[in-house]
Amino acid sequence: MRRTLSLTKPVARAAIACGLLAASLATPAAVLPEDRADVMYHRYSGGGITVEGPAVLVRKSLGDSFSATANYYVDAITSASVDVVVSGASQYKEERQQKSLSLDYLRGKSMWSASYMESSENDYDASTWSLGVSQDMFGDLTTISLGYSQGRDKIGDSTDPLFHDEIERRSYRVGLTQVLTRNAVASFNFETVTEEGYLQNPYRSMRYRTITDTWALAPEIFPSTRTSNAGSVRLKQYLPWRAAAEGHYRYYGDTWGLRAHTAGLEYTHPLKSGRWTLSGSYRFYRQNSADFFSDLFPYENAQNFMARDKETSALTGHTLGFGAAYEFQVNFAPWIKRGTANLHVSRMMIDYDEFRDLRGRPPGTQPPGSEPLYDLNANIIQLFLSFWF
């Protein structure tokens, strides 16, 4: 099951999916990206969960109008998270593999893109295809982009071989990138996602108060549909000393009552040697709880929908990051133009406002609802090599 993707919304984004490499390859719409290969090792450790593995991405031009990208990504997962411990389950290990292929077609000032991604683990299979188009206009100072994705996930349960269900997702995207001055660029993006199917985690439980004033666990009950909307703005300013500063903000809201704010700052600074580039970043995340979330329901069937998934709890997160990149020449392979070695380290700190830590506190040991609130600290390491050819 995609338990790893339920770490938290901010953790899931930061827990290093292939989007890291893909994002680093982003280029203007009317220019094909450079031929490039990336090899990455990633590791996430926090909250009783360790996720690590390699990723490989290769992008190659096919003539003057086409570019193809192939990606392979592996997660080796070891988990004894708070949810696993409280439910009485033992630590588990599993592996998730993801493969993707995309094709870009350049025609005049338009870039057309198509991609397909599939991933698989012992009890969760997912597939997504996407289409997109970008158009440069007004002297290449403005770029407009449109995108559509559709995915289907097949869900199982390793503890119940008879359980099978699905999720279907659709995503609609629109974006605008505007050159403001010779040194400043702004981008605006909006996305709507619709989901239908089994939207909860079969391994997680809600908690309710019993007639003896203790607590017990029962399966969660989620709505079978959700629609979310997210809008973001990003401003990048190039500085006179060849450095760059970037700020971004994103607002998210959905039909479950979740509202989230994300804001961040990034700074990139090349050293005088010309080979080293250093970067630092800070990210803030804040969300309220879903309409049907409660850490402790008053009784077993208190309402139609009941969740205690900590990702639907109100929470506040802070992430500090530091990166370093070193550029080098590959003299023994003249067909490689240049290479870079990159290291990025992040520290993530999340405080949950309503979700309580029940580890080591079985029913009857203290009054229900008086347990300490849960907090999560995680370290994220990304180490990758990039080669242009």
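These figures come from a predicted structure and were not determined experimentally.

A. Main features of a nonpolar patch on the surface. On the surface, I144, L176, F188, V233, Y249 and Y251 cluster together into a nonpolar patch covering about 460 Å² of accessible area. Structurally, the position occupied by V233 is in strand β12 (residues 225-238).

B. Focus on the packing of aromatic side chains. Taken as a whole, this structure holds 14 aromatic pairs when the rule is applied. Ring centres of F222 and W256 lie 5.4 Å apart, and the angle between their planes is 80 degrees; this geometry places the pair in the edge-to-face category. Placement of the pair is F222 in the loop between β11 (215-219) and β12 and W256 in the loop between β13 (244-254) and β14 (259-270), with a sequence separation of 34 residues. The side chain of R207 reaches across the aromatic face of W215, ending 5.3 Å from its centre.

C. Quick look at the pairing of strand β9 (residues 184-197). In the sheet, strand β8 (residues 164-181) pairs with β9 via 14 bridges, with the strands oriented antiparallel. Residue pairing across strands places T177 opposite S187, the latter belonging to β9. Connecting β8 to the antiparallel partner β9 that follows it, the hairpin turn spans two residues. Pairing between β9 and β12: 13 bridges, direction antiparallel. Among the inter-strand pairings, V193 is bridged to a residue of β12, identified as S228.

Basis of the calculations
Throughout this description, residue numbers start from 1 for each chain and increase along the sequence as written. It should be noted that, the model being predicted, local features are given only for residues of pLDDT at least 70 and side-chain atom pairs only at 80 or more, the latter also being counted only at that level, while totals for whole chains, interfaces and linings use all residues. The side-chain figures draw on all heavy atoms in the structure; neither hydrogens nor water molecules are used. For patches, a residue must show more than 30% relative accessible area and have no salt bridge; joins then use 9 Å for like charges and 5 Å for nonpolar side chains, namely Val, Leu, Ile, Met, Phe, Trp and Tyr. Per-residue and other accessible areas follow the Shrake-Rupley method at a 1.4 Å probe size, with only the shown protein chains counted as cover for residues. Salt-bridge detection follows one rule: a side-chain nitrogen of Lys or Arg within 4 Å of a carboxyl oxygen of Asp or Glu. Helix and strand labels come from DSSP, where a helix needs a run of H or I of at least four residues and a strand needs a run of E of at least two; each type is numbered from the N terminus. Any pair of Phe, Tyr and Trp rings, taking the six-membered ring for Trp, is counted once the centres come within 6.5 Å. Such a pair is stacked with planes under 30 degrees apart, edge-to-face with planes over 60 apart, and tilted for the rest. Throughout this description, the term charge over a ring refers to an Arg CZ or Lys NZ atom that lies within 6 Å of the ring centre and within 35 degrees of the ring normal. Two strands form a pair only when DSSP identifies at least two bridges running between them.

Function cannot be read off these values alone, since they describe shape.
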